[in-house]
Amino acid sequence: MTRYLSIRLLLTLITFWVIVTLVFFLLRLAPGGPFDGERRLPPEVEQNLRVAYNLDQPLPRQYLNYLSMLGHGDLGPSFKQKDFSVAELVISGLPVSLAVGVMALLIALTGGIALGTWAGLNTGTKTDLLIMGTANIGLAVPAIVVAPLLALVFAVWLGWLPAGGIGGPQYFLLPAAALSLPFVAAIARLTRGSVAETLQEPHITTAMAKGLPRRRIIRYHVLPIALLPVLSYIGPAAAALLTGSVVVEQIFELPGIGRYFVQAALNRDYTLVMGVVIVYAAFILLFNLLVDVCYARLDPRIRLRS
Amino acid sequence: MNSHWLRQALFGSTLAAACSAWLALMVLAALAGPALSPWDPQAINWDALENPPSSSHWLGTDMVGRDLLTRIMLGARVSLSVALIATAVSVIIGIPYGTLAGYLGGRADQLMMRIVDTLYALPFILIVILLVVVFGRSPLLLFAALGAVFWLDIARIVRGQTLRIRESDYIAAARIQGAGPVRILIRHLIPNVLGPAVVYATLTVPGVILAESFISFLGLGVQEPDTSWGVLIADGALNMESAPWALVFPALALAATVWSLNMLGDRLRDQLDVQAARV
């Protein structure tokens, strides 16, 4: 187990480094720089700016500088939003993005597992058909469609929830719902197949033969096994939900970090783009690590192999 | 592989036949639609701003009076071709990678699959957005970037298939005859994993369509006056209070296409499993 964990941890760190390096050089490859606005700066001023932000040095040097800065937990100053450091911008936006992402993940998990289990216990019935039919539709309707429709119905027509902006938890409900819909569907499909398959296992037959109550069998014998594939799906799902918030933040005018990302990339605000990618990547990698650890704890085959 | 199971998967039930028909209609609309339409998809018409669906504009017009049906058909052209080309790219990367990993086995295989697992965890849409922003918005780049994201699934499936057939008698026979690894890969392994790879590629196409719409929605993909379903949905969402049809119809076209592709992809996969179980 310790060996498994340390290998996992090492791989996570390597992945993190790969992302940082990839994005760093990708941005520097791009034509244009952070200081070409509509008004051309006098060459002396631009030169001074470059010196101030260490952009006058050779690329490998800049890269090492950035890595050492990162090692000290510093994300650097924003090139475009002059009075802010990247860390300040990220800290102000992160709670919003996380709130939307986590809420969407919770909706996806509870909704998806409940629906999937229900369908999986009743395969071949009308209920199953109905749930899976709906799930298939959910898979085909992306957030860019669901989000405006939800806003139109619940905010504009019915006036139950705010259409955008920031405030109490009710402001996150529509964005999270819009974001989570395809994932509710995906998790429901996954759970259904897995529950139906687990029901065929001999140990379930044994449990039934012993006359255990149905609820007990489902809870203690079916679900712990059936939910393993769902667990491993959480990693990619969390990644997609977090990055998906880029779009939802745009639609609902939420001041999260996703909104910075596109703008910063267009502005060539190198440090801000790096900062957002690094924060996203850190969360996603951490999440995957957690999922792997849970998986190893639940599945003895992984635990024993290493 | 005979063609019977293919027919079974694509037309075996009313629903499957409806899905196939819808996709055929979309392809036809993408190819011939804009030419058949009496309306110019780009011409701004000040007399027909945000007209609801009528006998002359079947699906209504957008905020500058362009015929929505014609725009949707034009959008289908872009959305579908991006999806097809990106899928082709992902197959071209995924098949050699997967077969090689499966064929080599052992440590090399573990390493190659570890890389795939690791890449799975990346915030890929962000990297695609970066690529597009950085290198300009050429559609060609969008294809390549999306293809480079979606090859992972194909590689996994293909590797699994390769592991299964690697120990077959005919591979052993080829090896005994003195065929080198390259020949075995190209002549024997790749042709035999092609079927499953293509089936899983049908499940990749809807994913790419959704990704393209996501990027275009952010204003980073296809640019005016060109259009795609993502662009149309973004435009429709802006004015949905006064002209809801401009959001609903492109969204329906997208959803129905993705739904049909998922449906047929699932059926193809199920049929493939049945075939595999029989062998």
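Nothing here was measured: the structure is a model prediction, and the numbers come from that model.

Attention shifts here to the overall build of chain A. From N to C terminus, chain A includes 13 helices and zero strands. In chain A, the order of α-helices and β-strands from amino to carboxyl end is α-α-α-α-α-α-α-α-α-α-α-α-α. In terms of principal-axis extent, the alpha carbons of chain A reach across some 85 × 55 × 30 Å. Across the 306 residues in chain A, those meeting the buried criterion constitute 39%. Within chain A, contacts between residues at least 6 apart in sequence are counted, and of these 73% link residues at least 24 apart.

Counting secondary structure elements, chain B contains ten helices and zero strands. Listed N to C, the secondary structure of chain B is α-α-α-α-α-α-α-α-α-α in terms of helices and strands. Seen along its three principal axes, the alpha-carbon backbone of chain B occupies a region of about 75 × 45 × 30 Å. Counting every position in chain B, which comprises 279 residues, the buried fraction comes to 46%. Sequence-distant contacts, at least 24 apart, represent 70% of the contacts inside chain B between residues at least 6 apart.

This next bit is on the packing of helix 3 (residues 68-104) of chain B against helix 8 (residues 181-217) of chain B. All names here are of chain B. Where helix 3 contacts helix 8, the axes come no closer than 7 Å and their chain directions differ by 140°. On the basis of their axis angle, the class for helix 3 and helix 8 is oblique. Relative to helix 8, the crossing made by helix 3 is right-handed. Mapping the contact onto sequence places Ser 79, Val 82, Ala 83, Ala 86, Thr 87, Ser 90, Val 91, Gly 94, Ile 95, Thr 99, Leu 100 and Tyr 103 in helix 3 and Leu 185, Leu 189, Ile 190, Val 193, Ala 197, Ala 201, Thr 204, Val 205, Val 208, Ile 209 and Glu 212 in helix 8.

Attention shifts here to the interface of chain B and chain A. Between chain B and chain A, the contact holds 31 residues from the first and 36 residues from the second. Elements that contribute at least two residues to the side of chain B that touches chain A include exactly helix 4 (106-120), helix 5 (124-134), helix 8, helix 9 (229-238) and helix 10 (245-278) of chain B. Here the side of chain B that touches chain A gets eight residues from one element, more than from any other, and that element is helix 10 of chain B. Looking at the side of chain B that touches chain A residue by residue, the class counts come to 25 nonpolar, four polar and two charged.

A separate point is the packing of helix 6 (residues 143-157) of chain A against helix 7 (residues 170-199) of chain A. Residues and elements named next belong to chain A. Where helix 6 meets helix 7, the closest approach of the two axes is 8 Å, and the angle between their N-to-C directions is 145°. The way helix 6 lies across helix 7 gives a crossing that is right-handed. Every residue of helix 7 that contacts helix 6 at Ala 143, Val 146, Ala 147, Leu 150, Ala 151, Phe 154 and Ala 155 is listed here: Leu 174, Ala 177, Ala 178, Leu 179 and Leu 181.

What follows is about the nonpolar core. Grouped together as the largest cluster of nonpolar side chains are 165 residues, with contacts concentrated most on Ile 187, Val 273 and Val 276 of chain A together with Ile 129 and Ile 233 of chain B. If one sorts the elements of this core by residue count, helix 3 of chain B sits on top with 18 residues. With residues up to four places along the chain from it excluded, the contact list for Ile 129 of chain B reads Val 262 and Ala 265 of chain A together with Ile 215 and Leu 220 of chain B.

Turning our attention to the confidence of the model for chain B. Looking at chain B as a whole, the pLDDT averages 79, with 92% of positions reaching at least 70. Per-element averaging of pLDDT across chain B places helix 5 of chain B at the bottom with 74 and helix 3 of chain B at the top with 86.

Moving on to the environment of Ile 7 of chain A. All names here are of chain A. Along the chain, Ile 7 falls in helix 1 (residues 2-29). Ile 7 gets classed as exposed once you count the C-beta atoms within 10 Å, which come to 12. In this structure, the C-alpha to C-alpha distance between Ile 7 and Thr 134, residues 127 residues apart in sequence, is 41 Å.

Residues and elements named next belong to chain A. An ideal rise of 1.5 Å per residue puts 18 Å on 13 residues; helix 9 (residues 214-226) reaches only 16 Å between its terminal C-alpha atoms. Turning to helix 9, its buried residues are Ile 218, Val 222 and Ala 226. Looking at the buried side of helix 9, the elements it contacts are helix 7 and helix 8 (202-209).

This brings us to unusual backbone geometry. One non-glycine residue with positive phi stands out, namely Glu 253 of chain A, at about 50°. Locating Glu 253 of chain A in the fold gives a position in the loop between helix 10 (228-251) and helix 11 (257-267).

Below, the discussion takes up the environment of Ala 226 of chain A. Residue and element names in this part refer to chain A. With respect to the element layout, Ala 226 can be found in helix 9. Accessibility expressed as a C-beta count within 10 Å gives 25 for Ala 226, which makes it buried. Linking Ala 226 and Val 195, residues 31 residues apart in sequence, is a C-alpha distance of 5.1 Å. Aside from chain neighbours lying at most four places away, what touches Ala 226 is Thr 191, Ser 194, Val 195 and Thr 198.

A few words on helix 11 of chain A. In terms of burial, helix 11 of chain A is largely enclosed, as eight of its eleven residues are buried. Those residues of helix 11 of chain A that sit buried are Ile 257, Gly 258, Tyr 260, Phe 261, Val 262, Ala 264, Ala 265 and Asn 267 of chain A. Those residues of helix 11 of chain A that are buried lie in contact with helix 4 (86-121), helix 10 and helix 12 (270-298) of chain A together with helix 5 of chain B. Following helix 11 of chain A by one or two positions, Arg 268 of chain A has its phi on the positive side, about 60°.

Definitions and cut-offs
Positions within a chain are numbered from 1, following the residues in the order the chain's sequence is written. Key to labels: chains lettered from A, ligands numbered from 1, both in the order written. A pLDDT threshold of at least 70 governs which residues receive local features in this predicted model, and a stricter bar of 80 or more applies before side-chain atom pairs are shown or counted, although totals over entire chains, interfaces and linings include all residues. For the purposes of this entry, the term helix denotes a DSSP run of H or I that reaches at least four residues, the term strand denotes a run of E that reaches at least two, and both are numbered from the N terminus. In this scheme the burial state of a residue depends on its C-beta neighbours within 10 Å: 20 or more other such atoms mean buried, 12 or fewer mean exposed, and anything in between means partly exposed; the C-beta positions come from the backbone. With C-beta atoms placed from the backbone, a contact is any residue pair whose C-beta atoms sit within 7 Å. Note on method: axes are straight lines fitted to C-alpha atoms, helices fitted across the in-contact stretch only, with angles between N-to-C directions ranging 0 to 180 degrees. Note on angle classes: values under 35 degrees are labelled roughly parallel, values over 145 roughly antiparallel, values of 65 to 115 roughly perpendicular, and the remainder oblique. Each crossing gets its handedness from the near helix: less than a right angle anticlockwise from the far helix is left-handed, clockwise is right-handed. Polar here means any residue other than Ala, Val, Leu, Ile, Met, Phe, Trp, Tyr, Cys and Pro, which are nonpolar, and Asp, Glu, Lys and Arg, which are charged; Gly is therefore polar. Joined through C-beta atoms within 7 Å, a set of buried Ala, Val, Leu, Ile, Met, Phe, Trp, Tyr and Cys residues constitutes a nonpolar core. As a per-residue measure, pLDDT reflects the predictor's confidence and takes values from 0 up to 100. To estimate how far a helix should extend, the number of its residues minus one is multiplied by 1.5 Å.

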